[in-house]
Structure formats: C-alpha cells, structure tokens
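Take a look at the letters that make up each chain.
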Amino acid sequence: VQLQASGGGLVQAGGSLRLSCAASGSRFSINTMGWYRQAPGNQRELVASITINGRTNYGDSVKGRFTISRDNLKNTVYLQMNSLKPEDTAVYYCKAIYIVPPSSYWGQGTQVTVSS
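Keep in mind the model is a prediction, meaning the values are calculated, not measured.

## Observations regarding the packing of aromatic side chains
Step number 1: A complete count under the given rule lists 3 aromatic pairs for this structure.
Step number 2: On the numbers, 5.0 Å between centres and 70 degrees between planes, the contact of Tyr36 with Trp106 is edge-to-face. Here the residue Tyr36 occupies a position in strand 4 (residues 32–38), and Trp106 occupies one in strand 10 (residues 103–106), the gap between them amounting to 70 residues.
Step number 3: Measuring from centroid to centroid gives 6.4 Å for Tyr93 and Trp106, while their planes differ by 90 degrees, and the two rings are edge-to-face. One end of the pair, Tyr93, is in strand 9 (residues 90–98); the other, Trp106, is in strand 10, with 13 residues separating them in the sequence.
Step number 4: What makes Tyr93 buried here is its relative accessible area of 16%.
Step number 5: Accessibility expressed as a relative area gives 36% for Trp106, which makes it partly exposed.
Step number 6: Just above the ring of Tyr78 sits the side chain of Arg18; from NZ or CZ to the centre is 4.2 Å.
Step number 7: Just above the ring of Tyr93 sits the side chain of Arg44; from NZ or CZ to the centre is 3.7 Å.

## Examining the nonpolar core
Step number 1: With 29 residues, the main nonpolar core has Trp35, Val47, Phe66, Ile68, Leu79, Met81 and Tyr92 as its most contacted residues.
Step number 2: Mapped by element, the contributors of at least two residues to this core are strand 1 (2–6), strand 3 (17–24), strand 4, strand 5 (45–51), strand 7 (66–71), strand 8 (76–81), strand 9 and strand 11 (110–115).
Step number 3: In terms of residue count, the dominant contributor to this core is strand 9 (5 residues).
Step number 4: In this structure Met81 touches Gly15, Ser16, Leu17, Leu19, Arg65, Phe66, Tyr92 and Val112, once residues within four positions along its chain are discounted.

About the criteria used
Residues numbered from 1 in each chain as written. Predicted model: local features only at pLDDT ≥ 70, side-chain atom pairs only at ≥ 80, totals over all residues. Heavy atoms only, no water. Phe/Tyr/Trp six-rings, centres within 6.5 Å; stacked < 30°, edge-to-face > 60°. Helix = DSSP H or I, 4+ residues; strand = E, 2+ residues; numbered from the N terminus. Buried < 20%, exposed > 50% of the residue type's maximum accessible area, 1.4 Å probe, protein only. Lys NZ or Arg CZ within 6 Å of the ring centre and 35° of its normal. Core = buried A, V, L, I, M, F, W, Y, C linked by side-chain atoms within 4.5 Å. Contact = heavy atoms within 4.5 Å.

Keep in mind these numbers describe shape, not what the thing actually does.
This is the structure we're talking about:
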C-alpha cells in the first residue's frame, strides 16, 4: 500500500491550504484515514481523522479551522486548512488504517509552513 500526499507549501498567517492523500495498492476498504503532524522537537499528533462512514475526529487546536473529508471511491482523504497560524507549521502525514487485514500505513509527509 502506498500513500501519496500533496498540497503542502508556504502560506501567510490567516491563509488556507488543502492537502490531499491518495492510497493505492490494496483491494480492501480503508476503515479510517487521518492526518497527523509533527513539528521539530515535538511528538507526532493527531490533526483529524475520518472513518469510512464519515465520522470525524479533530485535535483541539484545529477544531473550527480544519475540515477533513474523503472520497471512498478514490481512496483519497483531504484536509482543508483555513485560518492558518504559525503554530500549524509542521510536516503533515496521512495515515490509512485497514481492518481487513489489520494494518496501517503512513504517507511520506508534506511540509506546511505558515509565516507570521
């Protein structure tokens, strides 16, 4: 299974970015897709996740600003990031969790930099 993330970049505070992550290489359905981020010196943290049924979960720091969505036919997850802050600067990783067979996979990461 491969996850290909895209959409990162440099943006000014208050701006927006949209991340995408496409999964390929498995014929099974992805149960949960999510976005995590890791800033230098920090642990990787959950940004948002979404189940195959559309149930979402967000980290406290992004609630009300970020929106996660997915296209099950395309095995793709999106992260719309609005009102970006300098503290959102990090490498963003997508993750796919399968139930059949039980497994999880990470994308390669995409850099998001928010300037003040």
